[in-house]
Amino acid sequence: MNQKANTTSFKEQIDTQVLSGKVARGSDTSLPVILAIHGGTYNCDYFDIPGYSLIDRAVAQGFDIVALDRPGYRESTALPDTPDMIDANAQALNAALPALIAKLGLAGRPIFVIGHSIGGAIALTLASIRAGWSLSGIAVSGVGAETPPEDADNYANLPQQYFVELPTPMKDAVMFGPEGSYAADMPQASHMANTAVPRAELIDITGEWQNRVAGIAARIDVPVHYRQAAHEKLWLTSKERVAAFADLFTASPRVDAALIENVGHCIDFHNVGAAFQKAQLDFAAGTQTA
């Protein structure tokens, strides 16, 4: 594992919203800045679990990296409750990014966005609407075009409140692949990033977002790296579905898409996590400003 990066927590006021997260500095300013966007039920510590840290690996490869707490997570301002919560997240981040990047001393650099799960859906939406900042490419995982049909009903039956908590045993069961695909310290090690999730995110990702994704993907005109887990329990997945999802990016100059065998939803936390993160970062290093 790479040496622990010198990571700083931040909390910045951008107009009417606050954004918190972590930032770490690399050594190569010719590389794009990595912006990491976590999924639902995790905060930005998802990208900084000891032994599994994308932040550490990014810095070791020379990247500056910003891992955000999305709106409603930790100290970041929650958004008004809305059915299109994924789009609302992307709109809020798009508006705040130029000022946030400037406050973190990273202005004038292209950004490469890495997003996981609901964070991947937000990353895709963000890439499709970007304004006022430069995007070199995106890498997403744990996101697709169709969830199991029972998931929408299950989430609809959650308590009618802004934040909901998913029981840790239930969460671990869907986030991880088969026994032997992850080390003995998992899933326990991941629990430091666990948190409540806005209910509206779960409703959106299992519902209307799936009707929007084809139009979103068609507007993305930067290189796309896409990985999906073979033992994915939150999305319907297969090699054919991965290929079909990749085909949605009709304006992208390059799409690198693949199904990863013997791994579950949170690919970062499995035995293949290091190789997976290196592939994302290598892809980022090869992108140019769009």
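Residues numbered from 1 in each chain as written. Predicted model: local features only at pLDDT ≥ 70, side-chain atom pairs only at ≥ 80, totals over all residues. Heavy atoms only, no water.

**Overview of the overall build of the chain**
No. 1: Looking only at helices and strands, one finds nine helices and 10 strands in the chain.
No. 2: Since a compact globule built from 290 residues should have a radius of gyration of about 19 Å, the 17 Å found for the chain is in line with a globular shape.
No. 3: The 290 residues of the chain split such that 57% are buried.
No. 4: Here the analysis covers contacts within the chain between residues at least 6 apart in sequence; of these, 82% occur between residues at least 24 apart.
No. 5: Accessible surface computed for the chain: about 11100 Å², of which carbon and sulfur atoms make up 51%.
No. 6: With 20 positive and 31 negative side-chain charges, the chain shows a separation of 5 Å between the mean positions of the two kinds. (Helix = DSSP H or I, 4+ residues; strand = E, 2+ residues; numbered from the N terminus. Rg over C-alpha atoms; globule rule 2.2 N^0.38 Å. Buried < 20%, exposed > 50% of the residue type's maximum accessible area, 1.4 Å probe, protein only. Contact = heavy atoms within 4.5 Å. Areas by Shrake-Rupley, 256 points an atom, 1.4 Å probe, with all protein chains shown as cover. Lys, Arg positive; Asp, Glu negative; His and termini not counted. Charge placed at Lys NZ, Arg CZ, Asp CG, Glu CD.)

**Remarks on the packing of helix 2 (residues 85-103) against helix 3 (residues 118-129)**
No. 1: For the pair helix 2 and helix 3, the least separation of the axes is 8 Å and the interaxial angle reads 55 degrees. The angle between the axes of helix 2 and helix 3 places the two elements in the oblique class. Once helix 2 is placed against helix 3, the crossing between them reads as right-handed. Contacts between helix 2 and helix 3 pair Ile86, Asp87, Asn89, Ala90, Gln91, Leu93, Asn94 and Leu97 from the former with Ile118, Ala121, Ile122, Thr125, Leu126 and Ile129 from the latter. (Axes fitted to C-alpha atoms, helices over the stretch in contact; angles between N-to-C directions. Parallel < 35°, antiparallel > 145°, perpendicular 65-115°, else oblique. Left-handed = near helix turned anticlockwise from the far one by under 90°.)

**Considering the packing of aromatic side chains**
No. 1: Scanning the model with the defined rule gives 12 aromatic pairs in all.
No. 2: Where tyrosine 162 meets phenylalanine 163, the ring centres are 4.7 Å apart and the plane angle is 65 degrees; that geometry is what we call edge-to-face.
No. 3: Summarising the aromatic geometry, the rings of phenylalanine 176 and tyrosine 182 are spaced 5.2 Å apart at their centres and angled 65 degrees between planes, so their arrangement reads as edge-to-face.
No. 4: The class for phenylalanine 176 is buried, based on a relative accessible area of 2%.
No. 5: In this structure tyrosine 182 comes out as partly exposed when scored by relative accessible area, which is 22%.
No. 6: For the cation-ring pair, lysine 171 lies above tyrosine 42, with the distance from its terminal atom to the ring centre recorded as 3.5 Å. (Phe/Tyr/Trp six-rings, centres within 6.5 Å; stacked < 30°, edge-to-face > 60°. Lys NZ or Arg CZ within 6 Å of the ring centre and 35° of its normal.)

**Considering the layout of surface pockets**
No. 1: The space that makes up the largest pocket amounts to roughly 430 Å³.
No. 2: Asp151, Tyr155, Leu166, Val174 and Leu234 are the residues nearest the centre of the largest pocket, which is lined by 22 residues in total.
No. 3: Broken down by secondary-structure element, the contributors of at least two residues to the lining of the largest pocket are helix 4 (149-156), helix 5 (168-175) and helix 6 (199-205).
No. 4: Sorting elements by how many residues they give to the lining of the largest pocket places helix 5 first, with four residues.
No. 5: In terms of residue class, the lining of the largest pocket is made up of 12 nonpolar, six polar and four charged. (1 Å grid on protein atoms, 1.4 Å probe; cavity = no way out; pocket = protein on both sides within 12 Å on 5 of 7 lines; lining within 4 Å. Points joined across faces, edges and corners; volume = space filled by probe spheres on them. Nonpolar A, V, L, I, M, F, W, Y, C, P; charged D, E, K, R; others polar.)

**So, the state of the cysteines**
Any covalent bond linking the sulfur atoms of two cysteines counts as a disulfide.
No. 1: All told, the structure shown has zero disulfides when counted by the stated rule.
No. 2: With no disulfide of its own, cysteine 44 has cysteine 266 as its nearest cysteine by sulfur position, at a separation of 15 Å.
No. 3: Residue classification places cysteine 44 among the buried residues on the basis of a relative accessible area of 0%. (Disulfide = S-S within 2.5 Å.)

**Re helix 7 (residues 209-218)**
For an α-helix, the turn length of 3.6 residues means that residues three or four places apart are oriented alike.
No. 1: Burial in helix 7 covers these residues: Trp209, Gln210, Val213, Ile216 and Ala217. Burial along helix 7 is one-sided: seen end-on, the buried residues are contained in an arc of 95 degrees. (Arc of directions from axis to C-beta.)

**Structural notes on the environment of alanine 246**
No. 1: Here alanine 246 lies in helix 8 (residues 239-246).
No. 2: In sequence terms alanine 246 and aspartate 256 are 10 residues apart; their C-alpha atoms lie 7.9 Å from each other.
No. 3: Setting aside chain neighbours within four positions, we find alanine 246 in contact with Val255 and Ala257.

**Quick word on the side chain of threonine 147**
No. 1: One can find threonine 147 in the loop between strand 6 (135-141) and helix 4.
No. 2: Given the relative accessible area of 7%, threonine 147 is considered buried.
No. 3: Once residues lying within four places of it in the same chain are set aside, the contact partners of threonine 147 are Ile205, Thr206, Gln210, Leu234, Trp235 and Leu236.

**Some thoughts on the sheet that holds strand 4 (residues 65-68)**
No. 1: The eight strands are arranged 1-2-4-3-5-6-9-10 in an open sheet whose pairing can be described as mixed. Looking along the sheet, the strands with just one partner apiece sit at the ends: strand 1 (7-14) and strand 10 (255-260). For this sheet the average axis-to-axis angle between neighbouring strands, irrespective of direction, equals 20 degrees.
No. 2: As defined by bridge partners, strand 2 (residues 17-24) adjoins strand 4 across four bridges and the pair is classed as antiparallel. In the strand pairing of strand 4, alanine 24 is matched with isoleucine 65. (Pairing = 2+ DSSP bridges.)

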